[in-house]
Amino acid sequence: MKGIVIDPGKAPEICKLPNDSQGLERWLGGPMRVDRFPTQPVGLAYVTKALGPLPASWAHCATRIWRGNAYYGRLLLLGWHGSAPTDIPKALIEDLVKQWSAMEVKTK
């Protein structure tokens, strides 16, 4: 499935991601939580508690700030339908890359 990966200190990248929650959690490094976008079929996936040590550079500054919340470590933007991850709609993917390039994310 196509999604967007955002690592600390790096620009968002469109990537091929695992198609299931277990694969996504392995990719993130721990149990996944998803915050849904209020007006789009997209979610922000992140780990609230990593299973192992994270790179030291990830622990010292937020990866992105969205809706007043700071998110740390690797983030994934995923399409979301019902209760399952899916591809981000093609019409949204480039706009999301641009929006999430800034440290503080402004969404419409």
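Structure shown above.
In short, a report on the structure. (Residues numbered from 1 in each chain as written. Predicted model: local features only at pLDDT ≥ 70, side-chain atom pairs only at ≥ 80, totals over all residues. Heavy atoms only, no water.)

For helix H2 (residues 90-99), the full list of buried residues reads Leu 92, Ile 93, Leu 96, Val 97 and Gln 99. Seen end-on, H2 carries its buried residues on one side only, within an arc spanning 160°. For H2, exposure combined with an orientation more than 90 degrees from the buried face picks out Lys 90, Ala 91 and Lys 98. Where the residues of H2 are buried, they touch strand E1 (2-6), strand E2 (13-16), strand E4 (42-47), strand E7 (75-81) and strand E9 (104-105). (Buried < 20%, exposed > 50% of the residue type's maximum accessible area, 1.4 Å probe, protein only. Helix = DSSP H or I, 4+ residues; strand = E, 2+ residues; numbered from the N terminus. Arc of directions from axis to C-beta. Contact = heavy atoms within 4.5 Å.)

Turning to the nonpolar core, a few remarks are in order. What tends to happen in soluble globular proteins is that the nonpolar side chains get buried as a cluster. Of all hydrophobic cores here, the largest spans 17 residues; its most connected members are Ile 4, Phe 37, Leu 44, Leu 77, Ile 88, Leu 96 and Trp 100. For this core, the secondary structure elements donating two or more residues are E1, E4, E7 and H2. Per-element tally for this core: the top contributor is H2, with four residues. Each residue touching Leu 77, except ones within four places of it in the same chain, is listed here: Gly 3, Ile 4, Ile 6, Phe 37, Gly 43, Leu 44, Ile 88, Leu 96 and Trp 100. (Core = buried A, V, L, I, M, F, W, Y, C linked by side-chain atoms within 4.5 Å.)

By the element assignment, Arg 64 lies in strand E5 (residues 64-66). Here Arg 64 sits buried without a salt bridge, and the closest side chain of opposite charge, Asp 7, lies 9.3 Å off (N-O distance). From its side chain, Arg 64 meets the backbone oxygen of Ala 102 in a polar contact 3.3 Å long. (Lys, Arg positive; Asp, Glu negative; His and termini not counted. Salt bridge = Lys/Arg side-chain N within 4 Å of Asp/Glu carboxyl O. Polar contact = N/O pair within 3.5 Å; in protein donor to acceptor, adjacent residues only side chain to side chain.)

As a further point, take the packing of aromatic side chains. Applying the stated rule across the entire model yields five aromatic pairs. Here Trp 66 and Tyr 71 contribute two aromatic rings whose centre-to-centre distance is 6.3 Å and whose plane-to-plane angle is 40°, an arrangement assigned as tilted. Given the relative accessible area of 0%, Trp 66 is considered buried. For Tyr 71, a relative accessible area of 5% corresponds to the buried category. Within the aromatic cluster, the residues linked to one another by ring pairs are Phe 37, Tyr 46, Trp 66, Tyr 71 and Trp 100. One cation-aromatic arrangement involves Arg 67 over Trp 66; the distance from NZ or CZ to the ring centre is 4.2 Å. (Phe/Tyr/Trp six-rings, centres within 6.5 Å; stacked < 30°, edge-to-face > 60°. Lys NZ or Arg CZ within 6 Å of the ring centre and 35° of its normal.)

For the rest of this paragraph, the subject is helix H1 (residues 21-28). Those residues of H1 that fall on the buried side of the exposure criterion are Gly 23, Leu 24 and Leu 28. Buried residues of H1, viewed axially, fall in a sector of 135°; they line one side. Close packing links the buried residues of H1 with strand E3 (32-36), E4, E7 and strand E8 (84-86). With its phi angle positive at about 100°, Gly 29 sits one or two positions after the end of H1.

Nothing here speaks to function; it is geometry throughout.
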